[in-house]
There are 2 protein chains.
Amino acid sequence: MNYETYFQNNRERHLAELKEWLAIPSISALSEHKPDMIRAAEWLAEKLKAAGLEHVELHETEGHPIVTADYLHAPGKPTVLVYGHYDVQPVDPLNLWTTPPFEPDIRDGKLYARGATDDKGQLFLHIKAIEAIIKQEGSLPVNIKLCIEGEEEISSPSLPSFLEANKDKLATDAVLISDTSLLEPGKPAISTGLRGLCSLEVSVFTANTDLHSGTYGGGVPNALHAIVSLLASLHDEQGRVTVEGFYDGVPDISPLMKEEFAKLNFNEEQLRNSLGLETLYGEEGFSFVERTGARPTLELNGVWGGFQGEGTKTVIPKEAHAKITCRLVGDQDPADVLEKIKAHLHKHIQPGAKLTLKDGEKARAFNIDPSDRMLQLAADAYEEVYGTRALFTKDGGSIPIVETFSRVLQAPAVMMGFGLPDENLHAPNEHFNLENFDKGLLTIVSYLKKL
Amino acid sequence: MNYETYFQNNRERHLAELKEWLAIPSISALSEHKPDMIRAAEWLAEKLKAAGLEHVELHETEGHPIVTADYLHAPGKPTVLVYGHYDVQPVDPLNLWTTPPFEPDIRDGKLYARGATDDKGQLFLHIKAIEAIIKQEGSLPVNIKLCIEGEEEISSPSLPSFLEANKDKLATDAVLISDTSLLEPGKPAISTGLRGLCSLEVSVFTANTDLHSGTYGGGVPNALHAIVSLLASLHDEQGRVTVEGFYDGVPDISPLMKEEFAKLNFNEEQLRNSLGLETLYGEEGFSFVERTGARPTLELNGVWGGFQGEGTKTVIPKEAHAKITCRLVGDQDPADVLEKIKAHLHKHIQPGAKLTLKDGEKARAFNIDPSDRMLQLAADAYEEVYGTRALFTKDGGSIPIVETFSRVLQAPAVMMGFGLPDENLHAPNEHFNLENFDKGLLTIVSYLKKL
């Protein structure tokens, strides 16, 4: 039976299985979901065994388990290591989900659930592609290893040391990752760059108690005034980060790269419309793909303080908080960037307010040369299934572990994504377009056969 | 029995009764507390009857009931109308309360509960002073009327029309209000000015969904960036409001007023220490009492948007919100001030962000001449009990209804407060110092006898 027919025949079963997995709320950031993390890892191990993979193991870590497996019956053929993650982002604001995040629902050819595209849904394709080949042909045309973690959304604290400790066992000719997107429907893309990441929590404290705005208003510092002017000082009016030295290590966009970006022929107007925006916004002099692919950014992810209820409360809040993440490019050093932001914040905090800062993640940006054979074969596989050759792009997101994998295992990372840019990852109503579920299975089969 | 002995003998009963009342969570701003509002009003009516007051009535309004009562058995003597409110502020952040806000607790001579000082505790003094005189002497030396509302903390929407409709019934020679503070322990004060108030809710919207900061960061507007720069634009670095025309109608502080303020001999150092602040903060060129007594202010009471949970969430939020209140002085027109702020916000909102604004309260500032006989007698009563004559102050807070009472009933408002400035009204751990509970009872008895 050809693979198209095989996947068609098994489609219902595959989706039912994936829904089971998506129903487990494996939110790595929230400690109350620890038992769900274990359930999600065990579910995964079961399915790897069922697919025909061998040496399926759950490795305890200080955080959430790492799952490994292999199938090494193609001597003389290349080895591919599949990486993915079974953890997902938090789900709030919950009221903005049309259907609950952990009750997977198919509507209009899309599978809605937290993790549908990032990354359970995409990782699931590899398991089912492998299962299909083994079932149809009795064996795989290459050697396969899998290394799946449950801490990607909290910046993979356990994986680097695990890789170091197991680098011989995990030795490979390529790391295969599906955790990125097509450019747009029908237009596959292979990411040859990922931005780095660093994060910071900011707290501002003023008086030792909330105060009445009548008795004290105008005469004491207000933590909210302090934090909004502090945070506003981080960007200029053109959206450029004003932190001194923030852009150190950011490479200029070369004429060649400009050309590559232009080739994408990205439709900014369409993006603007789909997001319901009057205008896109960002650093002057750069296009959207340049801003998100080749420029660093500093984003406020959360700000809060004072009264958030119904009605009026005439209070002067004693504290206010913010969460910041930066996406980094080129040689920007995340630790150095954090130090520079902290210096900026200490310099700009208003009199009478105290500052508490807490470091979070730190990951460097990653880049790979698109002429690598493993990448060129991936582009061929896409072309076979999608009828159009994959473009080589720079992805704005961060998968901090990609740089580590590539460095520790000395192997190229092949980022073969099947998501779409508008699938609301990290947001309410995350979903996975089933057209790419179907084509993804075929593309992976094709790729493994080409190697 | 002298009144000191009487109040000493009845102290336990009085405090037990007050605690009962404070245990009712009569938060007027939150609709789920509607039944508690009725319970609090009914409790009050019971106690008014028990005190010997007559014609106790609950008047339905579109919001919460108004309670009235009287005792008119002193022909030829002046009439005093006591005003107060039985509603309280919301209580969040709940985790900052040492004991729960609606489980009244006495510690170190202070009664802790939401409403302990604002205003149930202070209003309660009038009921018990009246009860004491009737019990001890069989009658009152003046005619008394009471008009108590349950909507003070939401700006008294029902009371103005109630006053207009009942102005003959409520006719009085003075309106007596205990909803303000001593200057500091042992230093009584009579407020001769209250600031006006206006409020505004601000919402900023960007994309139609939350977005991933990797895929979109740097290329789309972030509602949090938009709101922090917008809110930061409302003040300059010296804490002065930058809204064009905001200070229209604000009178200069006259040399005489400067003298009055100086007489207060206010200890800024002590305030700074008690609030745990490195420095006070406000408009250049003004002292703390001038800033809060004679200058308008614009305060952020709440700001929120995006992720507030544990860990990191790399999200670009689609919306952000803020609550603003202004305290007004002199001839500032609250409606006009709101229009000017709105114009400022519309002018300063960044490209790609949409603004939604919602008006709230609007109340003018109030002022009275301290030479009024009703005020001078109040100062005498304080002197008798506290051993020191009350100073005439300008209060930074707003009791919007005072201006209305004074205008509709054509009577002076006597603001005889028994709170202290550090009693955390509108904040966690609100409390009422029992020294002023005891002295307040005696001061009110003394005042009623002097009239």
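Remember, it's a predicted structure, so these values are computed and weren't measured experimentally.

Asker: I would appreciate a short explanation of the overall build of chain A in the present structure.
Answerer: Across its full length, chain A holds 14 helices and 18 strands. On C-alpha atoms alone, chain A measures out to a radius of gyration of 23 Å, which is about the 22 Å that the 2.2 N^0.38 rule sets for 451 residues. With the C-alpha coordinates aligned to their principal axes, the bounding extent of chain A is approximately 80 × 50 × 45 Å. Across the 451 residues that make up chain A, the buried fraction comes to 65%. The long-range share in chain A, meaning contacts at least 24 apart out of those at least 6 apart in sequence, stands at 79%.

Asker: Explain the relation of the copies chain B and chain A to me, please; I cannot follow it from the model alone.
Answerer: Comparison of the two chain copies shows a relationship of rotation about an axis with a shift along it. Rotating chain B by 180° and moving it 0.1 Å along the rotation axis overlays it on chain A with an RMSD of 0.1 Å. On the angle and the small slide along the axis, the relation comes out as a two-fold axis.

Asker: Sorry if this is basic, but what is going on with the side chain of Thr393 of chain A here?
Answerer: Residue and element names in this part refer to chain A. One can find Thr393 in strand E16 (residues 391-395). Here Thr393 falls in the buried class, since its relative accessible area comes to 9%. The contacts of Thr393, once residues within four sequence positions are left out, are Leu183, Ala189, Ile190, Ser191, Thr192, Gly193 and Leu264.

Asker: Would you explain the interface of chain B and chain A in this entry?
Answerer: When the parts come together, some accessible area is lost, and that loss is often what is quoted as the size of the interface. Contacts between chain B and chain A engage 89 residues on the former and 89 residues on the latter. Summed over the shared surface of chain B and chain A, the number is one salt bridge. One salt bridge connects Asp92 of chain A with Lys313 of chain B, and the closest N-O pair in it is separated by 3.9 Å. Between chain B and chain A we count 51 residue pairs in polar contact (both at pLDDT 80 or more) in total. When its residues are assigned to classes, the side of chain B that touches chain A shows 34 nonpolar, 39 polar and 16 charged. As paired elements, strand E11 (residues 297-306) of chain A and strand E11 (residues 297-306) of chain B share five bridges and run antiparallel to each other. Within E11 of chain B, the position partnered with Gly306 of chain A by the bridge is Gly302 of chain B.

Calculation rules
Residues numbered from 1 in each chain as written. Chains lettered and ligands numbered in written order. Predicted model: local features only at pLDDT ≥ 70, side-chain atom pairs only at ≥ 80, totals over all residues. Heavy atoms only, no water. Helix = DSSP H or I, 4+ residues; strand = E, 2+ residues; numbered from the N terminus. Rg over C-alpha atoms; globule rule 2.2 N^0.38 Å. Buried < 20%, exposed > 50% of the residue type's maximum accessible area, 1.4 Å probe, protein only. Contact = heavy atoms within 4.5 Å. Least-squares fit on C-alpha atoms with pLDDT ≥ 70 in both. Salt bridge = Lys/Arg side-chain N within 4 Å of Asp/Glu carboxyl O. Polar contact = N/O pair within 3.5 Å; in protein donor to acceptor, adjacent residues only side chain to side chain. Nonpolar A, V, L, I, M, F, W, Y, C, P; charged D, E, K, R; others polar. Pairing = 2+ DSSP bridges.

Keep in mind these numbers describe shape, not what the thing actually does.
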